[in-house]
Amino acid sequence: MTTETTGTAARDGDSRPGGPADSPFIRACRRRPTPHTPVWFMRQAGRSLPEYREIRASVPMLESCRRPELVTEITLQPVRRHGVDAAILFSDIVVPVAAAGVDLDIVPGTGPVVAEPIRTAADVQRIRPITREDVPYVDEAVRQLVVELGDTPLIGFAGAPFTLASYLVEGGPSRTHAKTKALMYGDEELWHALCDRLAEVTLAFLRVQIEAGVSAVQLFDSWAGALSEADYRRYVLPHSTAVLSGLAHAGVPRIHFGVGTAELLGAMGEAGADVVGVDWRTPLDVATGRIGADKAVQGNLDPCVLLAPWPVVEAEVRRILEQGRAAPGHVFNLGHGVLPETDPEVLTRVVALVHELSSRRADQG
Ligand SMILES: O=C(O)CCc1c2[nH]c(c1CC(=O)O)Cc1[nH]c(c(CC(=O)O)c1CCC(=O)O)Cc1[nH]c(c(CC(=O)O)c1CCC(=O)O)Cc1[nH]c(c(CCC(=O)O)c1CC(=O)O)C2
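What counts and what doesn't
Residues numbered from 1 in each chain as written. Predicted model: local features only at pLDDT ≥ 70, side-chain atom pairs only at ≥ 80, totals over all residues. Heavy atoms only, no water. UniProt positions renumbered as here; feature names shortened; annotations may be inferred. Helix = DSSP H or I, 4+ residues; strand = E, 2+ residues; numbered from the N terminus. Buried < 20%, exposed > 50% of the residue type's maximum accessible area, 1.4 Å probe, protein only. Contact = heavy atoms within 4.5 Å. Areas by Shrake-Rupley, 256 points an atom, 1.4 Å probe, with all protein chains shown as cover. Lys, Arg positive; Asp, Glu negative; His and termini not counted. Charge placed at Lys NZ, Arg CZ, Asp CG, Glu CD. Near = heavy atom within 4 Å. Polar contact = N/O pair within 3.5 Å; in protein donor to acceptor, adjacent residues only side chain to side chain. Nonpolar A, V, L, I, M, F, W, Y, C, P; charged D, E, K, R; others polar. Salt bridge = Lys/Arg side-chain N within 4 Å of Asp/Glu carboxyl O.

As named in an unreviewed UniProt entry, the chain is Uroporphyrinogen decarboxylase, taken from Micromonospora tarensis. UniProt, in the comment section headed Subunit (unreviewed entry), describes the chain in these words: "Homodimer."

Structure (structure tokens):
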């Protein structure tokens, strides 16, 4: 059984040689030299793996997130298969808002669906604060995983206030986020009250994961690209900052990621993360110029490239590694999650190629 000290070790950035805190992934997040460029993939634990589809066959998504043994096995599957440099907790961004009392489900082929969308001040009051006791299965799964993973760091995560608010106001996935933005523009006081509450829930959820022993956290603002920079700064940045600055002394690297964020990267960098995740549209050498030299970058292979012939994949991996060298630290990743139809063999080959190309360069100094 993992003790508190593991969590403490992770929190204090214990760089005991060989431990997760001294891994290539954590070193890159902290802009320290690494033996090779670390690589992991968003959505690595999921539908691209036959072993995932088999183990999930009869278990609804939200239920699978609440069964520690299942979360542990699913999280480990891509680590065993691909040899990635980090594991990410198998969970979902809506798990903490469900624990906070929101009646929602995850519908296969659709995503999160909210029974009674959040539209009024009374609705916002329905979102309760959460503690570890509301998500015991997350605490237990992380503790199990820290033991199983040994030196491989485990990444915890949560959805950012804007993306969570979008699901709650829309009632499900949306292309335009029309209801969300109408509320944001039309009732700014209610909007900030909603995002304040979501930031509190998110911060508590990430603290549970850190206390249980994760070595890093990622805040997903997947829908932030729907906003102009001015609107992002006015309506979203204060709330993402509340989450990330609330973890400033938690002792683990913080990654902040969004999609469609080319015009927002500078502002996102101000929210307080140590690493900014970049989608595939902005070359990493350009992105790092917008983000600043005090942050590492993560990304940014287009997930669709993995469906192309291998020579195309190889050329893109080489390009991204080269452009990543312009940043003070680089974690190789996709520009968004692994697509369900991706051939897992290709992901395994990408990990080996990233390690081979970046180790060779490290040897050359
Ligand atoms: O297409 C569907 O069936 C609904 C998929 C969906 C889910 N949550 C959702 C969405 C909306 C979306 O991703 O577009 C809602 C969801 N979950 C998540 C995000 C953030 C993002 O990916 O941009 C989002 C929002 C994505 C968006 O709306 O753009 C985060 C998430 N889901 C998940 C994980 C954990 C993991 O994959 O390791 C993670 C975070 C870590 C990561 O990205 O790696 C897991 C998850 N959630 C979900 C699934 C599908 C479950 C199944 O059917 O077997 C899966 C597994 C998989 O992706 O194969 C359900």
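S.K.: Describe the overall build of the chain, and please don't skip the residues or the numbers.
M.R.: Along the chain, the regular secondary structure elements total 16 helices and nine strands. With the principal axes as the frame, the chain shows a C-alpha extent of 60 × 45 × 40 Å. Per-residue burial over the chain gives 60% buried out of 365 residues. The contacts of the chain with a sequence gap of at least 6 include a subset with a gap of at least 24, amounting to 73%. About 13900 Å² of surface is accessible on the chain, with carbon and sulfur atoms providing 51% of the total. Seen as two clouds, the 36 positive and the 46 negative side-chain charges of the chain have centres 2 Å apart.

S.K.: Can you break down the site of the ligand residue by residue, with the values?
M.R.: For the ligand, the set of nearby residues contains 26 residues, the closest of which are Arg 43, Gly 109, Tyr 167, Ser 222 and His 336. Between the ligand and Arg 56 there is a distance of 2.8 Å, counted from an oxygen atom to a side-chain nitrogen or oxygen. His 336 places a polar side-chain atom, nitrogen or oxygen, 2.6 Å from an oxygen atom of the ligand. Where the shell around the ligand is concerned, the elements lending two or more residues are helix 3 (50-56) and strand 3 (111-114). Taken together, the residues of the shell around the ligand break down into 15 nonpolar, seven polar and four charged.

S.K.: How would you sum up the environment of Val 217? Please name residues and give values.
M.R.: If you trace the backbone, Val 217 turns up in strand 5 (residues 216-221). Val 217 sits in the buried class, given a relative accessible area of 1%. Remark: the alpha-carbon pair of Val 217 and Pro 253, spanning 36 residues in sequence, is separated by 6.6 Å. Among all residues touching Val 217, those that are not within four sequence positions of it are Ile 155, Gly 156, Leu 206, Ile 210, Leu 247, Val 252, Pro 253, Arg 254 and Ile 255.

S.K.: Account for the pattern of salt bridges, naming residues and giving values.
M.R.: Summed over the entire model, instances satisfying the criterion amount to 18 salt bridges. A salt bridge links Asp 123 to Arg 126; its shortest N-O distance comes to 3.2 Å. Owing to a relative accessible area of 15%, Asp 123 belongs among the buried residues under this scheme. Residue class for Arg 126 comes out partly exposed when judged on its relative accessible area of 26%. Several salt bridges converge on common partners, so that one network encompasses Glu 51, Arg 81 and Glu 345.

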